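A look at the structure
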Amino acid sequence: MTKQQKLIDEFAEKARAVSTKVRVVDAMAEALEYAVTLCRDKEACQVLASGCEHPLSEPAEDLCGLKQWQKLIAAPAMDQKVLDALIPMCREAGIGLIQKGLGGYAGGIDVGLTGADLGISNTGSIVLNCPDEDLRLATMISEVHIAVLRAEDIYADSHDIEAALLALFTDAPDYTAFITGPSRTADIERVLSLGVHGPLEMHVLILGQSEKG
Amino acid sequence: MQTAGNMKDYRKQLVAQLKNGFQRKALDNFAVAYRQGREKNFAGMDRQALVQGIRAAKDDAASRMDELYAQFCRRAEAAGVHVHFAASDHQANEIISRIAEENDCHRIVKSKSMTAEETLLNDFLENRGYEVIETDLGEWIIQLRGEGPSHMVMPAIHLSRNEVSRLFTEVTGKQQDTDIEKLVKVARRELRQRFIRADMGISGANFAIAETGTLGIVSNEGNVRLVTTLPRVHVALVGIDKLVPGIREALQTLKGLPRNATGQAITSYLTWITGANPSAASHSGRKIMHVVFLDNGRRALARDPVFSEALRCVRCGACANVCPVYRLVGGHAYGHIYIGAIGLVLTYFFHGRNRDRQLVQNCLNCQACKDVCIAGIDLPRLIKEVHVLSQGSEDKPVLNSMAAFVLKRRRLFHGLLRSGRYMQKPVTRGTPYMRHLPQVLFRDQDFKALPAISAKPFRDRWDAARHSPPHPEYRVALFSGCLQDFVYPEQLEAGMGLLAGRPVEVTFQSRQGCCGLPLYMLGKREAAADLAAWNISHIDPAEYDFILTFCASCGSHMRENYPFLLEGASGRRVKADQFAAKVIDFSSFMQMVMPDSEPVPAATEKLKAAYHAPCHLCRGLGVSRAPRALLTKFGYEYLPHGEEETCCGLGGTYSFKFPEISAEILDKKLDAVSGTGADLLVTDCPGCVMQLRGGAVRQGRAFAVRHMAEALAGRQT
């Protein structure tokens, strides 16, 4: 087994242990297909407006009106090449695609699609450099966060990426996130619940070696 | 939040918490689950090395706090951050209030910060008319209830889903379900609108990295990210002890913090913020960002020879998770604002002596917190040292001073003990237990049968017990300890019997006194140091290979605390170190030094034995294998149980101060032993024997309680 395969396997094992859904994909097109299909097939109302189905106070109910009742994918900070492929796929599936002004959608977005900068296999974490506020928000207010992680960007341990982090932090201002699984809480009776403030689901698509470079 | 003004009120509060059925059950389940998960959480890691690493890094950072602060300021200010220094809690609150005013902020969302709890920031801002909403689910719940946290990581662990459901019904004006999943979603939606409306976000930070001017914040819920992103102003309130030199030190601590706190390898989110990032809500397009560093005594603490290690704390909450007292009474009675063992220490410095005076005495000295601390803080010692400080000159408890007076005067003390055997006659009625104890001295002590003082102390039996082998291989000084000398001399006699015929020359130096632990436990540091010096001068370590004790508490105190108590005493400190190095407990001596002890012939009846590991043996002296191996070697069927290493509840004088808690801890232990079906409960400390046997006799339990020496005696060929 190659060293990289070992890292991929460990990443998948650790990430799945914290409820991340992991899949290895061969090409970016496959990742886009995955995101669009997931968004198209997901139960719109239930997950989409998480919390809206429950009895709420008046101001909180108003917020549900903020949301456009059309499915949305947010894909900020994506390459033009990727967007060129994604736009027709979304149009065909009847899904709105947004890139900017995510603060206006704080009521919720169906899917946030991002490209991870690095991965850490022994904790199943992705590292996302997101000083861009829209990119940051896509990983916070989306019901489902899908991150594409290139296999060659996976490292074994957080100490292995110290130099990379130093470069990011030195280039201030900077906002960098380690994300490991969906948002979670155990604050009521120590019972684990997913999706308290951030995404209810976290998906990592590991982009294999065939698209290396 | 514990605010009792005197011991009577504090005990009332503790009794009320003991009656809180839901909390008792929740904390008990948690204590067991946490203990079971501990090994798994650090599987494949060198935990000791990690503790050493975190400890060294924190000590280094504390030693150059001002330098790191200056470096952080330079980097952060260059990246557009306003950095403030707050000397006191009040000053921090004023600074934050002024930032809100200057930026015309009215609605504030907060993520969890123990530092903001420390300064009572919410109360301060609300009094000035600001709306402050906690967004961490647990913190929001307790804020709505008007309570403080009952755990540093799980602030609402004392509440049931029913209570949360009732609370949410009140807050939303709609009837709520009791399903936890649904309650969480209601909070998600209710709080999301608060994020959107807010103009200011307040966070804490786990790290302030000097080399880059970066804040590092851990979170599972993701509220930290919304608090630091959606509003146009971000203020971080950070204890100045959170400064670390570089990324490496932060990453190192992160390998231990979540594992120790919640058993996670890493939290869901780790947020690193450097400088004022882009912000759509801000007119300038950039976040208005302020970092307020709080001193509040930390810089002075960093220079303190004893207490500086309190600054190693990474706020994981594990010292509460393993504390047998916390397990029973919860955080509202076991802390003022900071909770658990570290809370007993920090309360004195951050919230004052009056808030800590009762609280700091509520410690069994069982060492479980020291054992679990990921930063290697000697919490039991710091608690004792705060206890010493918290006793002001005007209010020395009469009993403590009397004890110090007597215990320091060996002849007087021993004379009193000798005469005690006559005076106790009316209460023992000829049995080995005290009956009808005088209520004045022994209020609320009837949960266990207290032993009578022996008719003949060990020192008077020594001549009969001694034996001199012709060619001794080991020269050993016996340290008897008061309890075995005057109450349980038969335990020492049994031990001497086991050593008879072996090449060991045992000396009993009759001028030895009390080890001093009881006085240290009462906050009498100087008297304890005097006794340490006395014993070291009468048992010269240079003359012996080992200093043997049958009392785990004496042993642990002599090894751990003698060098510390004689720290500044030139010459004596050297002797104290040499003395400490030679202290050995009976089980280790029998198993490790006398490896050729004869096994029991197969014909011996197979008795079933459960074991109680004295805190001062398993954690204090780090001995765990030897006693269990001895039981098996001497023909017992050893039956393990889940509470083996939990304190018996004696804690020396603790059980006299807090009898209700001591009794509950004892019950839990006895239940676990009964569950094994053992014939015998064996332990290595006369104090534990007193507590366990006293409880077992009073409750008519089906097993007998024996000191290891008694259990082994008579089972050798």
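Residues numbered from 1 in each chain as written. Chains lettered and ligands numbered in written order. Predicted model: local features only at pLDDT ≥ 70, side-chain atom pairs only at ≥ 80, totals over all residues. Heavy atoms only, no water.

Some points on the overall build of chain A
Put simply, the rule is: Working definition: helices are DSSP H or I runs of at least four residues, strands are E runs of at least two. Numbering for both runs from the N terminus. Buried means the residue's accessible area, taken with a 1.4 Å probe over protein chains only, is under 20% of the maximum for its type, while exposed means over 50%, and partly exposed covers the values in between. Contacts: residue pairs with any heavy atoms within 4.5 Å of one another. Surface accessibility follows the Shrake-Rupley procedure with a 1.4 Å probe radius. Residue values consider only the protein chains on display as shielding.
Assigned secondary structure in chain A consists of seven helices and 12 strands. Sorting the 213 residues of chain A into buried and exposed places 57% on the buried side. Counting contacts in chain A only where the partners sit at least 6 residues apart, residues at least 24 apart contribute 76% of the total. Carbon and sulfur atoms provide 51% of the accessible area of chain A, an area that totals close to 8300 Å².

Observations concerning the overall build of chain B
Going by this rule: Atoms considered for the radius of gyration are the C-alpha atoms alone. The globule rule reads 2.2 Å times the number of residues to the power 0.38. Charge convention: Lys and Arg are scored as positive, Asp and Glu as negative, and His as well as the terminal groups of each chain are ignored. Charge positions come from single atoms, namely NZ of Lys, CZ of Arg, CG of Asp or CD of Glu.
Each helix and strand counted, chain B has 36 helices and 18 strands in total. For 717 residues, the compact-globule formula gives about 27 Å, and the C-alpha radius of gyration of chain B, at 28 Å, lands near that figure. Expressed as a percentage of its 717 residues, the buried residues of chain B come to 63%. Of the contacts formed within chain B by residues at least 6 apart in sequence, a portion of 78% connects residues at least 24 apart. Of the roughly 25800 Å² that chain B leaves accessible, carbon and sulfur atoms contribute 51%. Charge centroids of chain B, computed over 91 positive and 75 negative side chains, lie 2 Å from each other.

Regarding the confidence of the model for chain A
Stated precisely, the cut-off is as follows: A score between 0 and 100, pLDDT records how confident the predictor is in each residue.
Mean pLDDT over chain A: 89, with 86% of residues reaching 70 or higher. Below a pLDDT of 50 lies the segment residues 45-49 of chain A, which in the model reaches 15 contacts outside its immediate sequence neighbourhood of four places, other chains included.

Focus on the domain arrangement of chain B
Residue and element names in this part refer to chain B. Definition in use: Throughout the structure description, domain borders are defined by an automatic or database domain assignment. Two parts lose some accessible area (1.4 Å probe) when they are put together, and adding that loss for both gives the buried area. Criterion for a salt bridge: a side-chain nitrogen of Lys or Arg within 4 Å of a carboxyl oxygen of Asp or Glu. Polar contacts, as counted here, are pairs of nitrogen or oxygen atoms within 3.5 Å of one another; within protein the pair requires one atom able to donate a hydrogen and one able to accept it, and residues that are adjacent in sequence qualify only if both atoms are side-chain atoms.
With domains assigned, chain B is organised as domain 1 (1-41 + 317-393), domain 2 (47-55 + 63-299), domain 3 (407-593) and domain 4 (607-712). Domain 1 and domain 4 are separated by 23 Å when their C-alpha centres are compared. At the junction of the two partners, domain 1 supplies 26 residues and domain 4 supplies 20 residues. In total, about 1800 Å² of surface goes out of reach between domain 1 and domain 4, with carbon and sulfur atoms giving 63% of it. It is Arg11, Leu328 and Leu364 in domain 1 that bury the most area against domain 4; as a group they hold 29% of the surface buried on that side. Here domain 1 is connected to domain 4 by five salt bridges. For the salt bridge of Glu664 with Arg24, the shortest nitrogen-to-oxygen distance reads 2.9 Å. Here domain 1 is connected to domain 4 by 11 residue pairs in polar contact (both at pLDDT 80 or more). If you list the elements that add at least two residues to the side of domain 1 that touches domain 4, you get α1 (7-18), α2 (21-41), α15 (324-329) and α18 (368-372). For the side of domain 1 that touches domain 4, the element with the highest residue contribution is α1, accounting for six residues.

Examining the packing of aromatic side chains
The condition that has to hold: Aromatic rings from Phe, Tyr and Trp, taking only the six-membered ring of Trp, are treated as a pair when their centres fall within 6.5 Å; an angle between ring planes under 30 degrees marks them as stacked, one over 60 as edge-to-face, and anything in between as tilted.
One pass over the structure, following the stated rule, counts 21 aromatic pairs over all chains. When the centroid spacing of 5.9 Å and the interplanar angle of 70° are considered together, the rings of Phe178 of chain A and Trp272 of chain B count as edge-to-face. Of this pair, Phe178 of chain A sits in strand β9 (residues 174-179) while Trp272 of chain B sits in strand β9 (residues 269-274), which puts the two residues in different chains. Ring geometry for Phe458 of chain B and Trp462 of chain B: centres 6.1 Å apart, planes at 55°, overall tilted. With a gap of four residues between them, Phe458 of chain B and Trp462 of chain B both fall in helix α23 (residues 458-465), about one helical turn apart. Each member of the pair, Phe458 of chain B as well as Trp462 of chain B, carries the same accessibility label: buried.

Details of the sheet that holds strand β4 (residues 200-203) of chain B
Residue and element names in this part refer to chain B. We count it as follows: Pairing between strands is defined by DSSP: at least two bridges between the two strands are required. Axes, fitted as lines to C-alpha atoms, cover a helix only where it is in contact. Angles between the N-to-C directions of the axes lie from 0 to 180 degrees.
Pairing in this open sheet of six strands is parallel, and the strands run β1-β10-β7-β4-β2-β3 from one edge to the other. Among the strands making up the open sheet, the edge pair consists of β1 (81-86) and β3 (131-134). The mean angle between the axes of side-by-side strands here comes to 20°, regardless of whether they run parallel or antiparallel. Looking at chain direction, strand β2 (residues 107-110) and β3 are connected through four bridges and run parallel.

Section: the pairing of strand β11 (residues 474-479) of chain B
Looking along a regular strand, one sees side chains alternate from face to face of the sheet. Residue and element names in this part refer to chain B. With four bridges connecting them, β11 and strand β12 (residues 504-507) associate as parallel partners. When the bridges of β12 are listed, Ala477 appears paired with Thr507. Bridge analysis of β11 against strand β13 (residues 546-549) gives four bridges, and the strand direction is parallel. The residue bridging Val476 from the neighbouring strand is Phe546, located in β13.

A few points about unusual backbone geometry
Cis geometry is found at the peptide bond from Ala172 of chain A to Pro173 of chain A, where omega equals 0°. Looking at where Pro173 of chain A falls in the secondary structure, it is placed in the loop between α7 (162-170) and β9. Not every positive phi belongs to a glycine, and Asp104 of chain B is a case in point at roughly 55°. By secondary structure assignment, the location of Asp104 of chain B is in the loop between α5 (89-102) and β2.

Remarks on helix α34 (residues 659-676) of chain B
Residues and elements named next belong to chain B. Using the following cut-off: Helices are assigned an expected span. That span is 1.5 Å times one less than the residue count.
For α34, spanning 18 residues, the distance from its first C-alpha to its last is 26 Å, which sits close to the expected 26 Å at 1.5 Å a residue. Within α34, burial applies to Pro659, Ile661, Ser662, Ala663, Ile665, Leu666, Lys669, Leu670, Ala672, Val673 and Thr676. The elements touched by buried residues of α34 are α1, α15, β15 (607-612), α33 (654-657), β17 (680-683) and α35 (686-699). Downstream of α34 by a residue or two, Gly677 has a phi angle that is positive, lying close to 75°.

Here's the deal with the nonpolar core
Rules: Among buried residues, the Ala, Val, Leu, Ile, Met, Phe, Trp, Tyr and Cys ones that are joined through side-chain atoms within 4.5 Å form a nonpolar core.
With 250 residues, the main nonpolar core has Phe168, Phe293, Phe589 and Ile661 of chain B as its most contacted residues. Discounting residues that sit within four places of it in the chain, Phe293 of chain B has contacts with Tyr69, Phe72, Val83, His84, Phe85, Ala86, Ala208, Val238, Gly239, Ile240 and Leu243 of chain B. Counting residues in each nonpolar core, the second largest holds 25 residues, with Ala35, Val36, Cys39 and Ile146 of chain A among its members.

What about the side chain of His616 of chain B?
Residue and element names in this part refer to chain B. In this structure, His616 sits in helix α31 (residues 615-620). A relative accessible area of 10% means that His616 is categorised as buried. A distance of 2.7 Å separates polar atoms of two side chains, one belonging to His616 and the other to Ser553.

Overview of the interface of chain B and chain A
Facing 75 residues of chain B, the contacting portion of chain A comprises 64 residues. Looking at the side of chain B facing chain A, the largest losses of area belong to Arg188, Arg189 and Arg225 of chain B, adding up to 14% of the total buried there. Salt-bridge contacts for Arg248 of chain B lead to Glu162 of chain A; the nearest nitrogen and oxygen are separated by 2.9 Å. Linking chain B to chain A there are 32 residue pairs in polar contact (both at pLDDT 80 or more). Elements with a contribution of two residues or more to the side of chain B that touches chain A: α2, α8 (137-145), α9 (161-172), α10 (180-197), α11 (223-227), α12 (247-262) and β9 of chain B.

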